[in-house]
Amino acid sequence: MSGSLLLAQSVPPTTLKCPGCHQAGARKVKGQCAVCQHCSMALRRVYQFCWACGREWPQSGGAPGGQGGHFSCPLPGCALRAALLSPEVIVDPCSSAQGCPFFRACPGCKAILTHTGEGCPNIICPHCDKEFCFRCLKDSYDCEEEDDDFEDPVPCIVVDNSQSLRELEL
């Protein structure tokens with residue numbers, strides 16, 4: 001394996017889950033638009049959502065996709081939210097970032113980043129120069145793994161991207 005190759009693995013969902021009722025069985029309609037029959041029956045209207053970002057499809061304009069029938073999600077931040085919700089994780093057993101989501105938002109500037117897989121879990125954002133731990137998203141100097149008082153430090157806990165999503169208001 002090449003030193004610069006970072007392995008990521010995604011566990012493909014067997015069925016599409018609805019972000020409204022969290023039940024499996026929703027189906028893609030076209031493009032990024034999906035429909036949930038269970039929510040549609042409960043709401044007594046067609047419940048459509050973007051399968052990429054997991055938010056309800058805007059009802060304005062009637063047909064999903066809006067003008068020209070492009071069927072791309074019109075919601076702001078869809079691609080950013082979809083990247084942070086991605087099920088891909090770093091699986092390289094030699095990487096200090098093993099088990100981390102493949103994509104992270106920099107705690108400083110919120111740029112989307114990934115780890116090279118080499119060296120320690122700390123990275124420096126190329127956009128704002130913020131240094132942070134890719135595993136726990138804490139400042140590098142606050143991360144438990146960097147504590148010099150321990151001979152064999154316990155790796156910090158890998159966190160998901162939920163805090164980043166809240167901070168980005170996505």
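Since we're looking at a predicted model, the values are computed, not measured.

**Considerations on the confidence of the model for the protein chain**
Taken over all residues, the pLDDT of the protein chain has a mean of 82, while the share at 70 or more is 78%. The model gives residues 1–5 a pLDDT under 50, and that stretch makes six contacts with residues more than four places away or in other chains.

**Notes on the nonpolar core**
Membership of the largest hydrophobic core is limited to eleven residues, which are I90, A97, C100, F102, C106, L113, I123, C125, F132, F134 and L137. One finds L16, C18, C21 and Y47 within the second-largest nonpolar core, a separate group that totals nine residues.

**A look at the sheet that holds strand β3 (residues 24–30)**
Two orientations exist for strands paired in a sheet by backbone hydrogen bonds: parallel and antiparallel. One open sheet accounts for four strands, arranged β2-β3-β4-β5; its pairing is antiparallel. Each of the sheet's edge strands pairs with one partner strand only, and the pair in question is β2 (16–17) and β5 (47–50). As judged from the two bridges shared by β2 and β3, these two strands associate in the antiparallel manner. From the neighbouring strand, K17 faces β3, where its bridge partner is A24.

**Structural notes on the pairing of β3**
What sits between β2 and β3 in their antiparallel hairpin is a turn of six residues, with H22 showing a positive phi close to 65 degrees. Where β3 meets strand β4 (residues 33–36), three bridges bridge the pair, whose relative direction is antiparallel. The residue of β4 that forms the bridge with K28 is A34. In textbook terms, the turn of a hairpin is the stretch between consecutive antiparallel strands, and for β3 and β4 this stretch comprises two residues, one of which, G31, has a positive phi near 60 degrees.

**What about the packing of aromatic side chains?**
One pass over the structure, following the stated rule, counts two aromatic pairs. Consider the rings of F102 and F103, whose centres lie 5.1 Å apart with planes at 85 degrees: the pair is edge-to-face. Classification of F102 as buried rests on a relative accessible area of 16%. Given the relative accessible area of 25%, F103 is considered partly exposed. When the ring centre of W51 is taken as origin, the NZ or CZ atom of K28, which lies over that ring, is 4.0 Å away. For the cation-ring pair, R104 lies above F134, with the distance from its terminal atom to the ring centre recorded as 5.6 Å.

**A short note on the pattern of salt bridges**
Per the counting criterion, the structure on display carries three salt bridges. R45 serves as the salt-bridge partner of E56, at 2.9 Å between the closest nitrogen and oxygen. Separated by eleven residues along the polypeptide, E56 in the loop between β5 and α2 (78–85) and R45 in the loop between α1 (37–43) and β5 bring together distant segments of the chain. On the basis of relative accessible area, E56 is assigned to the partly exposed category, the value being 31%. A salt bridge links D139 to K130, with the shortest nitrogen-to-oxygen separation between them at 3.2 Å.

**With respect to the environment of R104**
Counting through the fold element by element, R104 comes out in strand β7 (residues 104–105). The spacing of R104 and A83 is 21 residues in sequence and 8.3 Å in space, taken between C-alpha atoms. For R104, the residues in contact, after removing those within four places along its chain, are L84, A111, I112, L113, F134, R135, L137, V158, V159, D160 and N161. Among the polar contacts listed, one links the side chain of R104 to the backbone oxygen of D160, at a separation of 3.5 Å.

**Concerning the pairing of β5**
Burial along β5 is two-sided: Y47 and F49 and Q48 and C50, pointing in opposite directions, are all buried. By the bridge criterion, four bridges tie β4 to β5 in an arrangement that is antiparallel. From the neighbouring strand, V35 faces β5, where its bridge partner is Q48.

Here is what the cut-offs are and how they apply
Residues numbered from 1 in each chain as written. Predicted model: local features only at pLDDT ≥ 70, side-chain atom pairs only at ≥ 80, totals over all residues. Heavy atoms only, no water. pLDDT = per-residue confidence, 0-100. Contact = heavy atoms within 4.5 Å. Core = buried A, V, L, I, M, F, W, Y, C linked by side-chain atoms within 4.5 Å. Buried < 20%, exposed > 50% of the residue type's maximum accessible area, 1.4 Å probe, protein only. Pairing = 2+ DSSP bridges. Helix = DSSP H or I, 4+ residues; strand = E, 2+ residues; numbered from the N terminus. Phe/Tyr/Trp six-rings, centres within 6.5 Å; stacked < 30°, edge-to-face > 60°. Lys NZ or Arg CZ within 6 Å of the ring centre and 35° of its normal. Salt bridge = Lys/Arg side-chain N within 4 Å of Asp/Glu carboxyl O. Polar contact = N/O pair within 3.5 Å; in protein donor to acceptor, adjacent residues only side chain to side chain.

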